[in-house]
Amino acid sequence: MIALVGDLPMYRQLAPGSTGPDVLQLETSLQTLGFAPGTVDETYDAGTEAALDAFYQSRGYTSEGASDAQRQQLTDARKAVTTAEDTLRKAD
């Protein structure tokens, strides 16, 4: 078990595309531990994933990473946003 110090409980599974203050807390912890996640913000991106992978590896673990289903959900959500934005532009 790995425990990181923070004010927020880490109860949800984070994956690329996740956003929120818990992501910021994770990135801040990774940065503090010397695993640069790129821009420390509220978005779990490729930099966050790489830093987390490096952290796990440094502790002798293999990082799970996002599942294929999670990656597909993210792709589907991005397509839905693009479609909605296109529809809105056409309506205007």
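Up top is the structure these notes are about.
So, a few notes on the structure that sits alongside this text. Remember, it's a predicted structure, so these values are computed and weren't measured experimentally.

What the rule picks out here adds up to 2 aromatic pairs. Considering the side-chain rings of phenylalanine 35 and phenylalanine 55, the 5.6 Å spacing of their centres and the 80° angle between planes classify their relative orientation as edge-to-face. Note that phenylalanine 35 is positioned in the loop between α1 (21–32) and α2 (46–58) and phenylalanine 55 in helix α2, a separation of 20 residues in sequence. The class of phenylalanine 35 is buried, set by a relative accessible area of 16%. With relative accessibility at 5%, the residue phenylalanine 55 sits in the buried group. Their ring planes at 70° and their centres at 6.2 Å tell us that phenylalanine 55 and tyrosine 56 sit as a pair that is edge-to-face.

Let us now look at the environment of proline 16. By secondary structure assignment, the location of proline 16 is in the segment before α1. For proline 16 and glycine 6, which are 10 residues apart along the polypeptide, the C-alpha to C-alpha distance reads 21 Å.

Moving on: the nonpolar core. Leu14, Val23, Leu26, Leu30, Phe35, Tyr44, Ala51, Leu52 and Phe55 together form the largest nonpolar core, which totals 9 residues. Going through the elements one at a time, α1 and α2 are the ones with two or more residues in this core. In this structure leucine 30 touches Phe35, Thr48, Ala51, Leu52 and Phe55, once residues within four positions along its chain are discounted.

All told, the structure shown has 2 salt bridges when counted by the stated rule. With its nearest N and O atoms 2.6 Å apart, the salt bridge here joins arginine 12 to aspartate 22. Here aspartate 22 lies in helix α1 and arginine 12 lies in the segment before α1, a separation of 10 residues in the sequence. Since its relative accessible area comes to 9%, aspartate 22 is described here as buried. Here arginine 89 and aspartate 86 are joined by a salt bridge, their closest N and O atoms 2.6 Å apart. Taken as a pair, arginine 89 and aspartate 86 lie in helix α3 (residues 68–91) at a separation of 3 residues, close to a single helical turn. Overall, arginine 89 belongs to the exposed group, its relative accessible area being 53%. With a relative accessible area of 30%, aspartate 86 lands in the partly exposed category.

Attention now goes to the packing of α1 against α2. Relative orientation of the contacting elements α1 and α2 amounts to 50°, with a least axis distance of 10 Å. The pairing of α1 with α2 is recorded here as oblique in orientation. Classified by chirality, the crossing of α2 by α1 is left-handed. Here Leu26, Glu27 and Leu30 of α1 lie close against α2, whose contacting residues are Thr48, Ala51, Leu52 and Phe55. Of the residues in the contact of α1 with α2, the class split is 5 nonpolar, 1 polar and 1 charged.

Rules and cut-offs
- Residues numbered from 1 in each chain as written.
- Predicted model: local features only at pLDDT ≥ 70, side-chain atom pairs only at ≥ 80, totals over all residues.
- Heavy atoms only, no water.
- Phe/Tyr/Trp six-rings, centres within 6.5 Å; stacked < 30°, edge-to-face > 60°.
- Helix = DSSP H or I, 4+ residues; strand = E, 2+ residues; numbered from the N terminus.
- Buried < 20%, exposed > 50% of the residue type's maximum accessible area, 1.4 Å probe, protein only.
- Core = buried A, V, L, I, M, F, W, Y, C linked by side-chain atoms within 4.5 Å.
- Contact = heavy atoms within 4.5 Å.
- Salt bridge = Lys/Arg side-chain N within 4 Å of Asp/Glu carboxyl O.
- Axes fitted to C-alpha atoms, helices over the stretch in contact; angles between N-to-C directions.
- Parallel < 35°, antiparallel > 145°, perpendicular 65-115°, else oblique.
- Left-handed = near helix turned anticlockwise from the far one by under 90°.
- Nonpolar A, V, L, I, M, F, W, Y, C, P; charged D, E, K, R; others polar.

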